[in-house]
Amino acid sequence: MFSFRTAGESHGQAIISLVEGVPAHLPLDFEFIDNELKRRQGGYGRGGRMKIERDQVRFLSGVRHGKTLGTPIAMMIENRDWQNWQDIMSVNAADSDAGAKRQVTRPRPGHTDLAGSLKYGHTDARNILERSSARETAARVAAGAVAKVFLRTFNIEILSHTTAIGPVRLPEGFAVSWEQLEAIRNDDTVRCVVPDLADRMVKEIEKGQKEGDTIGGTFEVIARGVPTGLGSHVSWDTRLDGRLAQAIMSVNAVKAVEIGEGVANAYKRGSLSHDEIGYDAGQHRFFRHSNRAGGIEGGITNGEEVRVVGYLKPIPTLKKALRSVDMISKDPFVAQHERSDTCVVPAAGVIGETMVALVLAQAFLEKFGGDSIQETARNYEGYLKQLSEY
Ligand code: EPS
């Protein structure tokens, strides 16, 4: 069973990723994996922290001479900022006085600070925010990069783009091409494929920055080459759309998820919402004349591109602080400001790709299994043959 976990605090020594269930003999592309981390670090609107970190994966287990062993893959990404936080985030009881220096008692509305502190019985919200920080997503991207390498073996590719930053958005029904997605560079400002809109998005972020505010937005993740038949209609938790929604919703600041044109379709007639079916006799395959369903029907992939949209709230760490109450004195205060980002939507798209890759890799291995990549490939080829003979 393919699965992954992460561990680590934002200003602790390192963040860790553990991936299980990857078949043996998969050649890992280390350059590609580090580049994925670099992509997540980019985007206009990031704060000072990204100038400190240079994320790189150190493989600790599960790989030998460039290939997976079929054993758990442990990866570590160092936090360079740890140098500045060694005593504050120390694991030793003797350093507990140092922790008081950066105590957080004024919870930010919209953040985990208060709910987490109450739940876990902490009076210093740092014990909560260190783990709820989006720093954790670097470890997810490492896991997702392994999933992407696995999926690439079967010609499944995943990319994303920014579809809105604040009120600046792509027109409804805008269909991005794969070439446009591939053309987005690592140093792109906002990862939007329409240059005019990208400029306006940058201006929107600058305006927010100046006003001490934060900006939300949306991203779309697209997976191509996904075969018909991943996920299943048989139970609530096997439906792939539900699994993707959970995965995307778990990304920090995401508050809504859409598959295909799910939101717009709710306001349209059925005759304008569904994708008519065609058959390509040359390729022996069914196809759709449109893809409003985002490549999933009844919780099962239908062979079209899988399309998922994530909606992010503006992040809750604001200079223009909102009203709050001190957790200890119970006096009203404006919430505490920590160094932070203004807009994380471009990075969130890369994290969205990761979550889609992890869900697709899991669903793929559920269907085709295999302890070695050769065995998985054999099973997959057999299934493709079965489809072509249908
Ligand atoms: C984050 C706050 C900022 C972000 C961080 C998420 O970090 P810091 O508190 O060190 O300034 O930069 O994101 C990352 C470190 C990252 O790698 O994405 C938060 O509170 O969620």
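Further up the page is the structure itself.
Residues numbered from 1 in each chain as written. Predicted model: local features only at pLDDT ≥ 70, side-chain atom pairs only at ≥ 80, totals over all residues. Heavy atoms only, no water.

Engineer: It is not clear to me how the sheet that holds strand β2 (residues 14-20) should be interpreted in this structure. Could you clarify?
Structural biologist: The pairing of strands in a sheet comes from backbone hydrogen bonds and takes either a parallel or an antiparallel form. Pairing is antiparallel in the open sheet, where four strands are placed in the order β1-β2-β6-β3. Pairing within the sheet leaves two strands with one partner each, and these edge strands are β1 (3-7) and β3 (57-61). Ignoring which end each strand starts from, the neighbouring axes of this sheet average 20° apart. Pairing of β1 with β2, which is carried by five bridges, proceeds in the antiparallel orientation. Considered in β2, the bridge of R5 is made with L18. Running over the sheet, helix α1 (residues 30-41) touches β3 and β6 (73-78) and is turned about 125° from β3. Contacts from helix α6 (residues 136-152) reach β1, β2, β3 and β6, with the element oriented near 140° to β6. (Pairing = 2+ DSSP bridges. Helix = DSSP H or I, 4+ residues; strand = E, 2+ residues; numbered from the N terminus. Axes fitted to C-alpha atoms, helices over the stretch in contact; angles between N-to-C directions. Contact = heavy atoms within 4.5 Å.)

Engineer: Please explain helix α4 (residues 113-120) as it appears in this structure.
Structural biologist: Structurally, the α-helix is built with 3.6 residues per turn, so residues lying three or four positions apart point the same way. Along α4, the positions that sit buried rather than exposed are D113, G116 and S117. Projected onto a plane normal to the axis of α4, the buried residues spread over an arc of 100° and lie on a single side. Facing away from the buried side of α4, by more than 90 degrees, are the exposed residues A115, L118 and K119. Along its buried surface, α4 packs onto α5 (126-132). Among the residues trailing α4, G121 stands out with phi positive, at a value near 70°. (Buried < 20%, exposed > 50% of the residue type's maximum accessible area, 1.4 Å probe, protein only. Arc of directions from axis to C-beta.)

Engineer: How should the pairing of β6 be read in this particular structure?
Structural biologist: Within a regular beta strand, the side chains point alternately toward one face of the sheet and then the other, so they alternate between its two faces. Judged by how many residues are buried, β6 sits mostly within the fold: five of six residues are covered. Where β2 and β6 come together, six bridges link them in antiparallel fashion. If you follow I15 over to β6, its bridge partner there is I77. For β3 and β6, the ladder comprises four bridges, and the chain directions are antiparallel. Considered in β6, the bridge of F59 is made with M75.

Engineer: What should I look at first to understand the nonpolar core in this one?
Structural biologist: If you look at soluble globular proteins, the nonpolar side chains tend to sit buried side by side. Counting 75 residues, the largest nonpolar core has F150, L244, V356 and L360 as the members making the most contacts within it. If you tally residues by element for this core, the top one is helix α11 (residues 345-368), at 14 residues. In contact with L244, other than residues within four places in its own chain, are I259, I296, V306, V308, V356 and V359. Membership of the second largest hydrophobic core comes to seven residues, among which are L159, V176, L181 and I222. (Core = buried A, V, L, I, M, F, W, Y, C linked by side-chain atoms within 4.5 Å.)

Read these as geometric descriptors, not functional statements.
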